[in-house]
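Examination of the molecular architecture
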Amino acid sequence: MPDLLIELFSEEIPARMQRRAAEDLKKLVTGGMVEAGLTYASAAEFSTPRRLTLTVEGVLAASPTTVEERKGPRADAPEKAIEGFLRGAGLTRAQLEERDTPKGPVLFAKIEKPGRPAADIVAEVLEAAIRNFPWPKSMRWGAGTLRWVRPVHAILCILSDEAGAEIVPMEIDGIASGDTTAGHRFLAAERFTVSSFDDYTAKLKRAHVVLDPKERAEAIWHDATNMAFANGLEVVEDAGLLAEVAGLVEWPVVLMGRIGEDFLGLPPEVLQTSMKEHQKFFSVRNPKTGRIERFITVANTETADNGATILAGNEKVLSARLADAKFFWDNDLRVAQNDMGVWLKALENVTFHNKLGTQAELIERIAALSRELAPLVGADPDEAEEAARLAKADLSSEMVYEFPELQGLMGRYYIKAAGHSEAIAAAAQEHYAPLGPSDDVPTAPVSVAVALAEKIDKLTGFWLWREFPTGSKDPFALRRAALGTLRLILDNALSLSLENILFDALPTHIGRMFRMKDFSELDELVRQSVDPDVYEALAHLREEREESFVEALELDNPTESSPHVLLGRQVSAHLMAFIHDRLKVYLREQGVRHDIIDACIAMEGNDDLTLLVKRARALSDTLKTEDGENLIQGFKRANNILTQAEAADGVEYSYGGEVKYAETDEERALFAALDAAEAKITPAMAALDFATAMSAMAALRGPIDAFFETVKINADNATVRRNRLNLLSQITRLCSSVADLTRIEG
């Protein structure tokens, strides 16, 4: 079986596109081959700045001959129908087979499709792949019609086996396929012939091209870390930058340069960001001081002076870049030490969202909410409010304007320089966290208060305006905000009523909504958001003069029946359901079954997420035991019998049984077990000790099993029957006090 080698040789492909492009080439070519009947053993893709390469091993020499059977019309069908079938099948009437069927004689055609040589199939598939390649951006050049990310210069396409290699003939816009390629642009530009993938990679290596991007990345990291270690330094890890730099060079040559003394006092994050974003340099840190003192750059060529000229040029350009950063830093420090209020004032003219107001309005809401949350998270209210007011001030700084990714971090530096406490300064950096599922979660009380306030304000504001996530679309990152809220609460073991907090955060948003001048969108929004009675109340108020509408809403003197309170209750309940959905996803990833989560969410107090998760994990652990699993079956049996009896009798058996009417030892044992379990479960639930309560509940498994094995519930004696049904009610009531076990599957 031959092996296939394809190389598409072009001008430099942007590093960010190379990996996806190589994968797309593999998918398009191998998928097209298989669809045409040409199977293979394995395939691998590679990329460098100037080439996309695909190797496919164990390709069939030709696609197999296939026979397709096609059912046609009845044998006595009109002649035109038969002629149409013959044209479609490409056969004559004599080539058809007539068969008897339950519907009479029917014509069948057997269409034989002969196999095709692999070269013919590959040529067609590759041309289609090239012409329909899914580049994010592409261009045309010259007079041709081909679009590609950069001008294509050559196509290498060969099939090779023990007998040698053959070129797969094809041509696209005047570019004919061949069996040659070129090495490094400067070090080995001459073209050379290749006969197989192994020959190709070996000759490329001799021509100063490392084909595999992983190999290039490993070589860069190995040389960089060794060079830094030899100087008593260490390279700052950056996997994203390493992958990008590996996509910029075909023959990586690692060089280490110096940072000017004037810039060593800049925050290390500023140096690192500036060098990474502008120059694609790795930062080299002194482990003793934590300062960034040098940089690693990766050249794409070898030079006679061992890179001295390259380094001199890079150091010169870097000095100009860092001079700008130092200018921003010095200016920002002067503002921070003099009056950060200048930055806050500027945020009055920066829109956060057209429906949620400016950044300054956002800060006011977060500050008020942070003060309210502070006692719940163990923070000082004054400190939490001050931290919230300053947390976003750095958005007006010159450094953050230049490097938006430094927002929060620079705020920490500036707030500290202004003389505020470390807790207030830390909140500026930490209040955005966590941004992802693997991010660290703030634990300092002030940071927790501000981080929670920031996420809750976003959730409530956008939820009020019905800007819900839909499918894969979540333009305002509300799923991330909900997950961040969950992790802040759970990782810090906070016990609080989240739904009430959401409700308390809504009045400011609602007030702003109803103060808007244009009510056309508002009326429709309110109509969709609330139940008919609430909307009618709002509509009635709107019929009054618009100037008095806000006052009529009783925003300052609300009662539970005030329209905006009813609106707030509905929005907070809906938002709480969304957060519960995110909690289900979060816990499922940790191995807690969805039905267990549902059983716990159904209980009162489900907006205390810490207790909810504690309950869910305790129930999950219990159901993993044999007693717990079997208890569920006993509970469901008791619940089903009780439900059917109550429906049939038209009464409720909820008054508890009496042991004096018990006729068997198993009944009396169950009475005693229920009393003993209740004596443990009731105080345990009061103390929120779910593990003890679940354990006591699981201990009922034996007495319940014995009861059902020996006792007939529907006894002939009406008193005994009623007593036994009341006993079942006692089982379901006691077990349901721990969780809603009716929601457990199985």
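Just so you know, these numbers come straight off a predicted model, no measurement behind them.

**A short note on the overall build of the protein**
Within the protein one finds 28 helices and 18 strands. Scaling as 2.2 N^0.38, a compact globule of 746 residues should have a C-alpha radius of gyration of about 27 Å, whereas the protein reaches 37 Å, well beyond that. Reported as C-alpha extents along the three principal axes, the dimensions of the protein are approximately 100 × 100 × 65 Å. Evaluated residue by residue, the protein yields a buried proportion of 49% over its 746 residues. Within the protein, residue pairs in contact and separated by at least 24 positions form 67% of the contacts whose partners lie at least 6 positions apart. Computing the positive centroid from 83 side-chain charges and the negative centroid from 117, the protein places the two 3 Å apart.

**Quick look at the sheet that holds strand β6 (residues 104-113)**
Pairing is antiparallel across the open sheet formed by three strands, whose spatial order is β4-β6-β5. With partners counted over all chains shown, the strands left at the sheet margins are β4 (66-74) and β5 (97-101), one partner each. Looking at each pair of strands side by side, their axes are set apart by 35 degrees on average, direction ignored. As defined by bridge partners, β4 adjoins β6 across seven bridges and the pair is classed as antiparallel. The residue of β6 that forms the bridge with Glu68 is Ile111.

**Quick look at the pattern of salt bridges**
Taken as a whole and judged by the stated rule, the model has 46 salt bridges. Put simply, Glu69 and Arg99 hold a salt bridge, and the shortest N to O gap is 2.5 Å. Here Glu69 is found in strand β4, whereas its partner Arg99 is found in strand β5, with 30 residues between them in sequence. Taking the relative accessible area as the measure of exposure, Arg99 reaches 25% and is therefore partly exposed. The network of salt bridges with common partners includes Glu364, Arg371, Asp382, Glu385 and Arg389.

**Brief notes about the nonpolar core**
Ile259, Ile579, Leu609 and Leu619 are the most contacted members of the largest nonpolar core, which has 143 residues in total. Examining the composition of this core, we find that 12 residues originate from one element, helix α15 (residues 445-464), more than from any other. When neighbours within four sequence positions are excluded, Ile579 is seen to be in contact with Leu459, Ala482, Leu486, Leu498, Leu502 and Leu609. Listed in part, the 37 residues of the second largest apolar core include Trp135, Trp148, Val149 and Ile172.

**Looking at the packing of helix α22 (residues 594-601) against helix α23 (residues 609-623)**
Interaxial distance between α22 and α23 falls to 9 Å at its minimum, and their mutual angle equals 130 degrees. In this view, α22 runs oblique relative to α23, as classed from their interaxial angle. Crossing angle aside, the handedness with which α22 passes α23 is right-handed. Counting all contacts with α22, which are made through Ile596, Ala599, Cys600 and Ile601, the residues of α23 involved are Leu612, Arg615, Ala616, Leu619, Ser620 and Leu623. Classifying every residue of the contact of α22 with α23 gives eight nonpolar, one polar and one charged.

Cut-off values and rules
Residues numbered from 1 in each chain as written. Predicted model: local features only at pLDDT ≥ 70, side-chain atom pairs only at ≥ 80, totals over all residues. Heavy atoms only, no water. Helix = DSSP H or I, 4+ residues; strand = E, 2+ residues; numbered from the N terminus. Rg over C-alpha atoms; globule rule 2.2 N^0.38 Å. Buried < 20%, exposed > 50% of the residue type's maximum accessible area, 1.4 Å probe, protein only. Contact = heavy atoms within 4.5 Å. Lys, Arg positive; Asp, Glu negative; His and termini not counted. Charge placed at Lys NZ, Arg CZ, Asp CG, Glu CD. Pairing = 2+ DSSP bridges. Axes fitted to C-alpha atoms, helices over the stretch in contact; angles between N-to-C directions. Salt bridge = Lys/Arg side-chain N within 4 Å of Asp/Glu carboxyl O. Core = buried A, V, L, I, M, F, W, Y, C linked by side-chain atoms within 4.5 Å. Parallel < 35°, antiparallel > 145°, perpendicular 65-115°, else oblique. Left-handed = near helix turned anticlockwise from the far one by under 90°. Nonpolar A, V, L, I, M, F, W, Y, C, P; charged D, E, K, R; others polar.

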